[in-house]
Amino acid sequence: MNSSLSNYMPERAERYFSGGADQRTVARALFESVADLPLICPHGHVDPLLFADTNYHFDSPAEFFLIPDHYVFRMLYSQGVPLEAQGVPMNDGEDASAVESDHRRIWQTFAENYHLFQGTPTGLWLRDELHDLFGITGKLTPANAQEIYDKISEQLAAPDFTPRKLFEQFRVEVLTTTDAATDSLEHHQAIRDSDWDGRVYPTFRPDKVVNGIDQQEWQEQVDLLRSVSGVDIVDFPSYITALEQRRDFFREMGATATDHAAETPLTAVLSPGEADAIFQRGLAGSATDGDARLFTAHMLVEMARMSSEDGLVMQLHPGSIRNHNSAVFQRFGADKGADIPHGLDFTRNLKPLLDRFGSHPSLRLILFTLDEATSARELAPLAGHYPILRIGPPWWFYDSINGMRNFFAQVMETAGIYNTVGFNDDTRAFASIPTRHELWRRIACDWLASLLVEGQIDDEDALAMAHALSYGLAKEAYRL
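A short tour of the structure in this document, coming up. None of these values were measured; they are calculated from a predicted model. (Residues numbered from 1 in each chain as written. Predicted model: local features only at pLDDT ≥ 70, side-chain atom pairs only at ≥ 80, totals over all residues. Heavy atoms only, no water.)

Details of the side chain of threonine 162
Looking at where threonine 162 falls in the secondary structure, it is placed in the loop between α8 (145-156) and α9 (163-169). In this view, threonine 162 contacts Thr54, Tyr56 and His57; residues no more than four positions away in its chain are not counted. (Helix = DSSP H or I, 4+ residues; strand = E, 2+ residues; numbered from the N terminus. Contact = heavy atoms within 4.5 Å.)

Right, dumping it as C-alpha coordinates:
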(Lines give C-alpha, C1' and ligand atoms only; values in the text may rest on other atoms or scores of the structure.)
Protein backbone atom coordinates (compact mmCIF):
# COMPACT_ATOMS: atom_id res chain seq x y z
CA MET A 1 0.00 0.00 0.00
CA ASN A 2 1.15 3.52 -0.74
CA SER A 3 2.61 5.02 2.45
CA SER A 4 0.42 8.11 2.15
CA LEU A 5 -2.64 5.84 2.38
CA SER A 6 -1.37 3.49 5.08
CA ASN A 7 -1.44 6.35 7.55
CA TYR A 8 -5.23 6.24 7.38
CA MET A 9 -5.50 2.59 8.41
CA PRO A 10 -6.70 2.35 12.05
CA GLU A 11 -4.97 -0.02 14.38
CA ARG A 12 -6.74 -3.36 14.65
CA ALA A 13 -8.19 -2.55 18.08
CA GLU A 14 -10.11 0.41 16.62
CA ARG A 15 -11.27 -1.03 13.32
CA TYR A 16 -14.84 -0.24 12.28
CA PHE A 17 -15.13 2.68 14.72
CA SER A 18 -16.15 6.05 13.27
CA GLY A 19 -16.11 9.68 14.40
CA GLY A 20 -13.35 11.76 15.94
CA ALA A 21 -10.70 10.82 18.47
CA ASP A 22 -12.96 11.26 21.49
CA GLN A 23 -15.67 9.01 20.11
CA ARG A 24 -13.17 6.35 19.05
CA THR A 25 -11.59 6.34 22.50
CA VAL A 26 -14.98 5.85 24.14
CA ALA A 27 -16.00 3.20 21.60
CA ARG A 28 -12.83 1.24 22.26
CA ALA A 29 -13.37 1.35 26.03
CA LEU A 30 -16.97 0.22 25.66
CA PHE A 31 -15.99 -2.59 23.31
CA GLU A 32 -13.30 -3.79 25.71
CA SER A 33 -16.00 -4.06 28.39
CA VAL A 34 -17.99 -6.56 26.29
CA ALA A 35 -15.40 -8.14 23.98
CA ASP A 36 -14.99 -11.28 26.09
CA LEU A 37 -18.64 -11.87 26.93
CA PRO A 38 -19.96 -15.30 25.88
CA LEU A 39 -21.81 -15.55 22.58
CA ILE A 40 -25.56 -16.09 22.59
CA CYS A 41 -26.45 -17.57 19.18
CA PRO A 42 -30.25 -17.94 19.26
CA HIS A 43 -30.92 -18.24 15.54
CA GLY A 44 -28.73 -19.91 12.94
CA HIS A 45 -28.44 -22.72 10.45
CA VAL A 46 -25.32 -24.64 11.52
CA ASP A 47 -25.76 -28.38 10.94
CA PRO A 48 -26.10 -30.11 14.35
CA LEU A 49 -24.18 -33.07 12.89
CA LEU A 50 -21.01 -31.05 13.50
CA PHE A 51 -21.52 -31.40 17.24
CA ALA A 52 -23.13 -34.85 17.32
CA ASP A 53 -20.05 -36.58 15.91
CA THR A 54 -17.29 -36.29 18.53
CA ASN A 55 -14.62 -36.97 15.90
CA TYR A 56 -15.95 -34.66 13.21
CA HIS A 57 -13.22 -32.85 11.28
CA PHE A 58 -13.65 -30.49 8.36
CA ASP A 59 -12.35 -32.10 5.19
CA SER A 60 -10.71 -29.05 3.69
CA PRO A 61 -10.53 -25.25 3.63
CA ALA A 62 -13.15 -25.34 0.86
CA GLU A 63 -15.60 -27.19 3.09
CA PHE A 64 -14.76 -24.98 6.06
CA PHE A 65 -15.08 -21.58 4.34
CA LEU A 66 -16.78 -21.87 0.99
CA ILE A 67 -19.17 -24.67 0.07
CA PRO A 68 -21.76 -24.11 2.85
CA ASP A 69 -21.70 -20.31 2.69
CA HIS A 70 -24.16 -18.78 0.23
CA TYR A 71 -22.69 -15.32 0.95
CA VAL A 72 -19.52 -16.59 -0.73
CA PHE A 73 -20.78 -18.59 -3.66
CA ARG A 74 -23.56 -16.17 -4.63
CA MET A 75 -20.96 -13.42 -5.16
CA LEU A 76 -18.84 -15.58 -7.46
CA TYR A 77 -21.96 -16.78 -9.26
CA SER A 78 -22.96 -13.14 -9.86
CA GLN A 79 -19.68 -12.72 -11.75
CA GLY A 80 -20.20 -15.78 -13.93
CA VAL A 81 -18.49 -18.50 -11.88
CA PRO A 82 -20.80 -21.54 -12.06
CA LEU A 83 -21.95 -23.09 -8.79
CA GLU A 84 -20.60 -26.40 -10.08
CA ALA A 85 -17.10 -24.93 -10.19
CA GLN A 86 -17.49 -23.93 -6.54
CA GLY A 87 -18.35 -27.44 -5.39
CA VAL A 88 -21.98 -26.68 -4.55
CA PRO A 89 -23.80 -30.06 -4.56
CA MET A 90 -26.65 -30.66 -6.96
CA ASN A 91 -30.09 -32.11 -6.34
CA ASP A 92 -30.54 -35.86 -6.59
CA GLY A 93 -31.06 -36.86 -10.18
CA GLU A 94 -28.81 -34.15 -11.58
CA ASP A 95 -25.42 -34.89 -13.12
CA ALA A 96 -23.24 -34.91 -10.02
CA SER A 97 -20.12 -35.45 -12.14
CA ALA A 98 -20.40 -31.84 -13.27
CA VAL A 99 -19.65 -30.63 -9.73
CA GLU A 100 -16.00 -29.88 -9.04
CA SER A 101 -14.72 -32.35 -6.45
CA ASP A 102 -11.12 -31.15 -6.26
CA HIS A 103 -11.17 -28.86 -3.23
CA ARG A 104 -7.80 -27.37 -4.11
CA ARG A 105 -9.20 -26.25 -7.43
CA ILE A 106 -12.29 -24.83 -5.71
CA TRP A 107 -10.01 -22.89 -3.36
CA GLN A 108 -7.94 -21.61 -6.28
CA THR A 109 -11.08 -20.37 -8.02
CA PHE A 110 -12.05 -18.58 -4.82
CA ALA A 111 -8.60 -16.97 -4.51
CA GLU A 112 -8.74 -15.78 -8.11
CA ASN A 113 -12.01 -14.03 -7.30
CA TYR A 114 -11.21 -12.88 -3.76
CA HIS A 115 -11.15 -9.25 -4.90
CA LEU A 116 -14.93 -9.44 -5.43
CA PHE A 117 -15.38 -9.18 -1.67
CA GLN A 118 -13.58 -5.85 -1.29
CA GLY A 119 -15.66 -3.50 0.84
CA THR A 120 -18.30 -6.14 1.66
CA PRO A 121 -19.22 -7.65 5.05
CA THR A 122 -18.34 -11.09 3.70
CA GLY A 123 -14.86 -9.78 2.94
CA LEU A 124 -14.51 -8.58 6.53
CA TRP A 125 -15.70 -11.90 7.92
CA LEU A 126 -13.32 -13.89 5.70
CA ARG A 127 -10.34 -11.68 6.52
CA ASP A 128 -10.98 -11.92 10.25
CA GLU A 129 -11.54 -15.68 10.15
CA LEU A 130 -8.26 -16.22 8.30
CA HIS A 131 -6.42 -14.01 10.79
CA ASP A 132 -8.07 -15.05 14.06
CA LEU A 133 -8.37 -18.80 13.48
CA PHE A 134 -5.36 -19.53 11.30
CA GLY A 135 -2.93 -16.69 11.92
CA ILE A 136 -2.89 -15.64 8.26
CA THR A 137 -2.00 -11.96 8.11
CA GLY A 138 -1.30 -11.58 4.41
CA LYS A 139 -3.98 -11.12 1.77
CA LEU A 140 -5.16 -14.22 -0.09
CA THR A 141 -4.02 -14.09 -3.73
CA PRO A 142 -3.93 -16.51 -6.66
CA ALA A 143 -0.17 -16.81 -6.14
CA ASN A 144 -0.29 -17.82 -2.46
CA ALA A 145 -3.60 -19.71 -2.55
CA GLN A 146 -2.11 -23.20 -2.34
CA GLU A 147 0.36 -22.24 0.38
CA ILE A 148 -2.49 -20.86 2.49
CA TYR A 149 -4.59 -23.92 1.65
CA ASP A 150 -1.85 -26.17 3.03
CA LYS A 151 -1.50 -24.10 6.20
CA ILE A 152 -5.22 -24.20 6.87
CA SER A 153 -5.43 -27.92 6.05
CA GLU A 154 -2.71 -28.70 8.57
CA GLN A 155 -4.62 -26.92 11.33
CA LEU A 156 -7.95 -28.46 10.32
CA ALA A 157 -6.42 -31.92 10.73
CA ALA A 158 -5.15 -31.19 14.24
CA PRO A 159 -6.82 -33.37 16.92
CA ASP A 160 -8.25 -30.38 18.77
CA PHE A 161 -9.63 -28.61 15.71
CA THR A 162 -13.14 -30.04 16.00
CA PRO A 163 -16.48 -28.20 16.04
CA ARG A 164 -16.85 -28.93 19.74
CA LYS A 165 -13.43 -27.48 20.55
CA LEU A 166 -14.13 -24.44 18.38
CA PHE A 167 -17.50 -24.02 20.13
CA GLU A 168 -15.59 -23.68 23.39
CA GLN A 169 -12.84 -21.54 21.85
CA PHE A 170 -15.47 -19.17 20.45
CA ARG A 171 -17.01 -18.89 23.96
CA VAL A 172 -20.43 -19.91 22.67
CA GLU A 173 -22.79 -20.13 25.63
CA VAL A 174 -25.71 -21.47 23.61
CA LEU A 175 -26.35 -22.12 19.91
CA THR A 176 -29.63 -23.01 18.27
CA THR A 177 -30.11 -24.65 14.90
CA THR A 178 -33.10 -24.40 12.56
CA ASP A 179 -34.96 -27.67 12.05
CA ALA A 180 -37.98 -28.74 10.03
CA ALA A 181 -41.10 -29.64 11.97
CA THR A 182 -40.72 -33.20 10.71
CA ASP A 183 -37.05 -33.56 11.68
CA SER A 184 -36.22 -36.54 13.90
CA LEU A 185 -33.65 -34.40 15.77
CA GLU A 186 -31.38 -37.45 15.89
CA HIS A 187 -28.25 -35.31 15.95
CA HIS A 188 -29.61 -33.28 18.85
CA GLN A 189 -30.37 -36.53 20.64
CA ALA A 190 -26.79 -37.69 20.05
CA ILE A 191 -25.50 -34.44 21.55
CA ARG A 192 -27.74 -34.93 24.60
CA ASP A 193 -26.59 -38.52 25.00
CA SER A 194 -22.90 -37.59 24.90
CA ASP A 195 -20.78 -36.41 27.83
CA TRP A 196 -20.29 -32.98 26.21
CA ASP A 197 -21.89 -30.06 28.04
CA GLY A 198 -22.22 -27.69 25.06
CA ARG A 199 -25.70 -26.20 24.78
CA VAL A 200 -27.01 -26.81 21.25
CA TYR A 201 -30.80 -26.68 20.87
CA PRO A 202 -33.23 -27.05 17.96
CA THR A 203 -35.65 -24.42 16.66
CA PHE A 204 -39.05 -25.46 15.33
CA ARG A 205 -39.53 -24.39 11.70
CA PRO A 206 -42.80 -25.59 10.14
CA ASP A 207 -42.58 -23.79 6.79
CA LYS A 208 -42.64 -26.93 4.66
CA VAL A 209 -45.89 -28.16 6.19
CA VAL A 210 -47.51 -24.70 6.26
CA ASN A 211 -46.47 -22.77 3.16
CA GLY A 212 -47.27 -23.84 -0.39
CA ILE A 213 -50.49 -25.78 0.25
CA ASP A 214 -51.07 -25.56 -3.50
CA GLN A 215 -47.89 -27.53 -4.24
CA GLN A 216 -47.32 -31.29 -4.40
CA GLU A 217 -44.36 -30.93 -2.03
CA TRP A 218 -46.77 -29.76 0.68
CA GLN A 219 -48.75 -32.98 0.36
CA GLU A 220 -45.54 -34.98 0.67
CA GLN A 221 -44.54 -33.01 3.75
CA VAL A 222 -47.94 -33.61 5.37
CA ASP A 223 -47.47 -37.33 4.75
CA LEU A 224 -44.13 -37.07 6.52
CA LEU A 225 -45.74 -35.11 9.37
CA ARG A 226 -48.34 -37.86 9.66
CA SER A 227 -45.58 -40.45 9.92
CA VAL A 228 -43.36 -38.74 12.49
CA SER A 229 -46.20 -37.52 14.69
CA GLY A 230 -48.23 -40.70 14.66
CA VAL A 231 -51.36 -38.59 14.10
CA ASP A 232 -53.78 -39.63 11.36
CA ILE A 233 -54.07 -36.29 9.58
CA VAL A 234 -57.42 -36.27 7.82
CA ASP A 235 -58.65 -32.74 8.52
CA PHE A 236 -57.55 -29.36 9.85
CA PRO A 237 -58.05 -30.23 13.56
CA SER A 238 -55.91 -33.38 13.29
CA TYR A 239 -53.27 -31.40 11.39
CA ILE A 240 -53.14 -28.87 14.26
CA THR A 241 -52.87 -31.75 16.76
CA ALA A 242 -49.88 -33.14 14.86
CA LEU A 243 -48.14 -29.76 14.84
CA GLU A 244 -48.75 -29.26 18.55
CA GLN A 245 -47.32 -32.71 19.23
CA ARG A 246 -44.19 -31.86 17.27
CA ARG A 247 -43.80 -28.58 19.14
CA ASP A 248 -43.97 -30.51 22.41
CA PHE A 249 -41.23 -32.84 21.15
CA PHE A 250 -39.02 -29.90 20.19
CA ARG A 251 -39.53 -28.33 23.62
CA GLU A 252 -38.51 -31.61 25.26
CA MET A 253 -35.32 -31.45 23.18
CA GLY A 254 -34.52 -27.96 24.48
CA ALA A 255 -36.15 -25.68 21.89
CA THR A 256 -37.17 -22.25 23.12
CA ALA A 257 -38.26 -20.74 19.80
CA THR A 258 -40.02 -21.25 16.50
CA ASP A 259 -39.14 -19.68 13.17
CA HIS A 260 -41.45 -18.82 10.29
CA ALA A 261 -40.62 -17.61 6.80
CA ALA A 262 -43.40 -16.08 4.72
CA GLU A 263 -43.36 -14.04 1.55
CA THR A 264 -45.36 -11.33 3.36
CA PRO A 265 -46.39 -10.72 7.00
CA LEU A 266 -50.05 -11.15 6.02
CA THR A 267 -52.15 -12.60 8.85
CA ALA A 268 -55.80 -13.65 8.82
CA VAL A 269 -58.34 -15.34 11.07
CA LEU A 270 -60.44 -18.01 9.37
CA SER A 271 -63.40 -19.84 10.80
CA PRO A 272 -62.87 -23.56 11.53
CA GLY A 273 -64.95 -24.40 8.46
CA GLU A 274 -63.00 -22.07 6.17
CA ALA A 275 -59.65 -23.42 7.39
CA ASP A 276 -60.71 -27.03 6.92
CA ALA A 277 -62.12 -26.36 3.45
CA ILE A 278 -58.77 -24.98 2.28
CA PHE A 279 -56.96 -27.82 4.02
CA GLN A 280 -59.12 -30.43 2.27
CA ARG A 281 -58.43 -28.80 -1.10
CA GLY A 282 -54.74 -29.03 -0.26
CA LEU A 283 -55.01 -32.74 0.51
CA ALA A 284 -56.93 -33.26 -2.73
CA GLY A 285 -54.35 -31.35 -4.78
CA SER A 286 -56.85 -28.69 -5.85
CA ALA A 287 -55.76 -25.71 -3.69
CA THR A 288 -55.12 -22.44 -5.48
CA ASP A 289 -52.43 -19.80 -5.09
CA GLY A 290 -54.98 -17.67 -3.24
CA ASP A 291 -55.70 -20.60 -0.92
CA ALA A 292 -51.98 -20.87 -0.18
CA ARG A 293 -51.62 -17.19 0.74
CA LEU A 294 -54.70 -17.26 2.98
CA PHE A 295 -53.72 -20.55 4.62
CA THR A 296 -50.24 -19.27 5.52
CA ALA A 297 -51.78 -16.06 6.87
CA HIS A 298 -54.17 -18.04 9.07
CA MET A 299 -51.42 -20.39 10.22
CA LEU A 300 -49.29 -17.47 11.44
CA VAL A 301 -52.14 -16.61 13.79
CA GLU A 302 -52.46 -20.27 14.77
CA MET A 303 -48.73 -20.42 15.53
CA ALA A 304 -49.06 -17.29 17.65
CA ARG A 305 -51.89 -18.99 19.53
CA MET A 306 -49.71 -22.08 20.10
CA SER A 307 -46.78 -19.92 21.29
CA SER A 308 -49.06 -18.10 23.72
CA GLU A 309 -49.85 -21.50 25.23
CA ASP A 310 -46.53 -23.38 25.15
CA GLY A 311 -44.14 -20.42 25.61
CA LEU A 312 -42.02 -20.91 22.48
CA VAL A 313 -40.74 -17.54 21.22
CA MET A 314 -42.09 -16.88 17.73
CA GLN A 315 -39.84 -15.44 15.00
CA LEU A 316 -41.15 -14.13 11.68
CA HIS A 317 -38.81 -13.64 8.72
CA PRO A 318 -40.93 -12.24 5.87
CA GLY A 319 -40.04 -10.34 2.74
CA SER A 320 -38.05 -12.75 0.60
CA ILE A 321 -39.11 -14.30 -2.67
CA ARG A 322 -37.47 -17.64 -2.15
CA ASN A 323 -35.56 -19.41 -4.91
CA HIS A 324 -36.00 -16.51 -7.32
CA ASN A 325 -33.63 -18.14 -9.82
CA SER A 326 -35.72 -21.08 -11.05
CA ALA A 327 -32.88 -22.73 -12.94
CA VAL A 328 -30.62 -22.73 -9.87
CA PHE A 329 -33.45 -24.06 -7.70
CA GLN A 330 -34.15 -26.87 -10.16
CA ARG A 331 -30.51 -27.99 -10.27
CA PHE A 332 -29.24 -27.18 -6.77
CA GLY A 333 -32.29 -26.81 -4.55
CA ALA A 334 -33.14 -24.20 -1.93
CA ASP A 335 -30.84 -21.81 -0.05
CA LYS A 336 -28.42 -21.18 -2.88
CA GLY A 337 -28.21 -17.40 -2.62
CA ALA A 338 -31.20 -16.65 -4.86
CA ASP A 339 -33.69 -15.44 -2.24
CA ILE A 340 -34.45 -11.83 -3.18
CA PRO A 341 -36.16 -9.17 -1.00
CA HIS A 342 -39.30 -7.26 -1.88
CA GLY A 343 -41.38 -4.50 -0.28
CA LEU A 344 -43.51 -5.14 2.81
CA ASP A 345 -46.42 -3.75 4.82
CA PHE A 346 -46.35 -4.81 8.48
CA THR A 347 -48.86 -2.35 9.93
CA ARG A 348 -51.89 -3.57 7.99
CA ASN A 349 -50.86 -7.18 7.51
CA LEU A 350 -50.14 -7.93 11.17
CA LYS A 351 -53.31 -6.30 12.51
CA PRO A 352 -55.46 -9.49 12.64
CA LEU A 353 -52.77 -11.22 14.71
CA LEU A 354 -52.20 -8.19 16.92
CA ASP A 355 -55.94 -7.68 17.46
CA ARG A 356 -56.05 -11.15 18.95
CA PHE A 357 -52.70 -11.47 20.72
CA GLY A 358 -50.99 -8.06 20.76
CA SER A 359 -51.08 -7.74 24.55
CA HIS A 360 -50.87 -11.41 25.49
CA PRO A 361 -48.65 -11.80 28.60
CA SER A 362 -47.08 -15.10 27.49
CA LEU A 363 -46.40 -14.43 23.80
CA ARG A 364 -43.25 -12.94 22.28
CA LEU A 365 -43.06 -12.29 18.54
CA ILE A 366 -39.74 -11.19 17.03
CA LEU A 367 -40.03 -9.43 13.67
CA PHE A 368 -37.30 -9.26 11.03
CA THR A 369 -37.33 -7.28 7.81
CA LEU A 370 -35.48 -7.15 4.52
CA ASP A 371 -37.29 -3.92 3.66
CA GLU A 372 -35.26 -1.28 5.50
CA ALA A 373 -37.92 1.35 4.80
CA THR A 374 -40.23 -0.43 7.23
CA SER A 375 -37.77 -0.28 10.14
CA ALA A 376 -38.42 3.33 11.10
CA ARG A 377 -41.85 3.68 9.51
CA GLU A 378 -43.51 0.53 10.91
CA LEU A 379 -41.44 -1.85 13.04
CA ALA A 380 -40.18 0.69 15.57
CA PRO A 381 -43.63 2.21 16.20
CA LEU A 382 -45.26 -1.23 16.37
CA ALA A 383 -42.69 -2.64 18.81
CA GLY A 384 -42.84 0.60 20.77
CA HIS A 385 -46.50 -0.09 21.48
CA TYR A 386 -47.48 -3.79 21.40
CA PRO A 387 -46.11 -5.76 24.39
CA ILE A 388 -45.61 -8.99 22.43
CA LEU A 389 -43.36 -7.45 19.75
CA ARG A 390 -39.59 -7.24 19.57
CA ILE A 391 -37.45 -6.21 16.59
CA GLY A 392 -34.83 -8.63 15.32
CA PRO A 393 -31.36 -7.36 14.30
CA PRO A 394 -30.33 -6.46 10.74
CA TRP A 395 -30.80 -9.61 8.76
CA TRP A 396 -29.10 -11.13 5.74
CA PHE A 397 -28.19 -8.38 3.26
CA TYR A 398 -28.16 -5.85 6.12
CA ASP A 399 -25.96 -7.88 8.47
CA SER A 400 -23.24 -5.35 7.67
CA ILE A 401 -21.62 -2.18 8.95
CA ASN A 402 -24.00 0.10 7.07
CA GLY A 403 -26.99 -2.12 7.80
CA MET A 404 -26.25 -2.02 11.52
CA ARG A 405 -25.65 1.73 11.55
CA ASN A 406 -28.92 2.28 9.70
CA PHE A 407 -30.68 0.03 12.20
CA PHE A 408 -29.43 2.01 15.19
CA ALA A 409 -30.34 5.26 13.49
CA GLN A 410 -33.82 4.18 12.38
CA VAL A 411 -35.10 1.99 15.21
CA MET A 412 -33.68 2.92 18.59
CA GLU A 413 -35.09 6.42 19.14
CA THR A 414 -38.64 5.19 18.67
CA ALA A 415 -38.49 1.65 20.08
CA GLY A 416 -35.61 1.89 22.57
CA ILE A 417 -33.03 -0.87 22.78
CA TYR A 418 -35.18 -2.99 25.10
CA ASN A 419 -37.74 -3.59 22.38
CA THR A 420 -34.95 -5.15 20.29
CA VAL A 421 -33.27 -8.52 20.81
CA GLY A 422 -29.55 -7.87 20.49
CA PHE A 423 -27.82 -9.91 17.81
CA ASN A 424 -28.09 -13.28 16.13
CA ASP A 425 -25.71 -14.47 13.47
CA ASP A 426 -28.16 -16.38 11.22
CA THR A 427 -25.36 -18.34 9.55
CA ARG A 428 -24.61 -21.76 8.12
CA ALA A 429 -20.88 -21.02 8.21
CA PHE A 430 -19.90 -21.98 11.76
CA ALA A 431 -16.47 -20.36 11.55
CA SER A 432 -17.96 -16.93 10.88
CA ILE A 433 -19.92 -16.77 14.15
CA PRO A 434 -17.36 -15.00 16.37
CA THR A 435 -16.38 -12.38 13.80
CA ARG A 436 -20.04 -11.59 13.08
CA HIS A 437 -20.70 -11.03 16.79
CA GLU A 438 -17.55 -8.94 17.12
CA LEU A 439 -18.65 -6.72 14.24
CA TRP A 440 -22.06 -6.18 15.88
CA ARG A 441 -20.46 -5.38 19.23
CA ARG A 442 -18.06 -2.90 17.65
CA ILE A 443 -20.80 -1.08 15.72
CA ALA A 444 -23.08 -1.07 18.78
CA CYS A 445 -20.31 0.40 20.93
CA ASP A 446 -19.50 2.96 18.26
CA TRP A 447 -23.15 4.08 18.26
CA LEU A 448 -23.23 4.24 22.06
CA ALA A 449 -20.01 6.25 22.06
CA SER A 450 -21.64 8.83 19.78
CA LEU A 451 -24.53 9.16 22.23
CA LEU A 452 -22.14 9.52 25.14
CA VAL A 453 -19.94 12.22 23.60
CA GLU A 454 -23.09 14.09 22.56
CA GLY A 455 -24.36 13.99 26.15
CA GLN A 456 -27.44 11.89 25.39
CA ILE A 457 -26.45 9.16 27.87
CA ASP A 458 -23.94 8.90 30.72
CA ASP A 459 -21.17 6.39 31.44
CA GLU A 460 -23.43 4.10 33.48
CA ASP A 461 -26.04 4.01 30.73
CA ALA A 462 -23.46 3.33 28.03
CA LEU A 463 -21.90 0.38 29.86
CA ALA A 464 -25.29 -1.15 30.67
CA MET A 465 -26.53 -0.71 27.11
CA ALA A 466 -23.33 -2.21 25.65
CA HIS A 467 -23.78 -5.30 27.81
CA ALA A 468 -27.45 -5.59 26.88
CA LEU A 469 -26.86 -5.24 23.14
CA SER A 470 -23.94 -7.70 23.21
CA TYR A 471 -25.37 -10.38 25.49
CA GLY A 472 -28.34 -9.70 27.76
CA LEU A 473 -31.06 -8.82 25.24
CA ALA A 474 -30.63 -11.97 23.18
CA LYS A 475 -30.51 -14.21 26.23
CA GLU A 476 -33.68 -12.70 27.67
CA ALA A 477 -35.60 -12.38 24.41
CA TYR A 478 -35.13 -16.03 23.48
CA ARG A 479 -35.66 -17.26 27.05
CA LEU A 480 -32.23 -18.88 27.17
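Description of the side chain of glutamine 221
In this fold, glutamine 221 is placed in helix α12 (residues 216-229). On the accessibility criterion, glutamine 221 (13% relative accessible area) is buried. Not counting residues up to four positions away in its chain, the partners in contact with glutamine 221 are Thr182, Lys208 and Val209. (Buried < 20%, exposed > 50% of the residue type's maximum accessible area, 1.4 Å probe, protein only.)

Brief notes about the packing of helix α13 (residues 236-252) against helix α15 (residues 289-310)
Two elements in contact, α13 and α15, have axes separated by 12 Å at closest approach and are oriented at 45°. Considered as vectors, α13 and α15 are oriented oblique to each other. With respect to the hand of their crossing, α13 and α15 are arranged in right-handed fashion. Side by side, α13 and α15 meet where Phe236, Tyr239, Ile240, Leu243, Glu244, Arg247 and Arg251 of the first sit next to Phe295, His298, Met299, Glu302, Met303, Arg305, Met306, Ser307 and Asp310 of the second. Tallied by class, residues from the contact of α13 with α15 come to eight nonpolar, two polar and six charged. (Axes fitted to C-alpha atoms, helices over the stretch in contact; angles between N-to-C directions. Parallel < 35°, antiparallel > 145°, perpendicular 65-115°, else oblique. Left-handed = near helix turned anticlockwise from the far one by under 90°. Nonpolar A, V, L, I, M, F, W, Y, C, P; charged D, E, K, R; others polar.)

Brief notes about the sheet that holds strand β1 (residues 39-41)
Pairing is parallel across the open sheet formed by three strands, whose spatial order is β1-β2-β4. If you trace the sheet from one side to the other, it starts and ends with β1 and β4 (200-201), each paired once. When β1 meets strand β2 (residues 172-176), the two strands line up parallel, connected through three bridges. The residue bridging leucine 39 from the neighbouring strand is valine 172, located in β2. (Pairing = 2+ DSSP bridges.)

Re the packing of aromatic side chains
In total, this model carries 36 aromatic pairs according to the counting rule given. Relative to tryptophan 396, the ring of tryptophan 395 has its centre 5.6 Å away and its plane inclined at 45°; by these criteria the two rings are tilted. One aromatic cluster is present, built from ring pairs that chain together Tyr56, Phe58, Phe64, Phe65, Trp107, Phe110, Tyr114, Phe117, Phe134, Tyr149 and Phe161. Between the NZ or CZ atom of arginine 436 and the centre of the ring of tryptophan 125, over which it lies, the distance is 3.8 Å. Lying over the aromatic face of phenylalanine 31, arginine 442 brings its terminal NZ or CZ to 4.1 Å of the ring centre. (Phe/Tyr/Trp six-rings, centres within 6.5 Å; stacked < 30°, edge-to-face > 60°. Lys NZ or Arg CZ within 6 Å of the ring centre and 35° of its normal.)

Some thoughts on the nonpolar core
The tendency in soluble globular proteins is for nonpolar side chains to be buried side by side. The biggest cluster of nonpolar side chains holds 104 residues, and the ones touching the most others in it are Tyr239, Leu243, Met299, Trp447 and Leu469. Looking at this core, the element that brings in the most residues is helix α21 (residues 433-453), giving 10 residues. Core analysis: the second largest hydrophobic core is formed by 46 residues, Ala52, Phe58, Ile152 and Leu156 among them. (Core = buried A, V, L, I, M, F, W, Y, C linked by side-chain atoms within 4.5 Å.)

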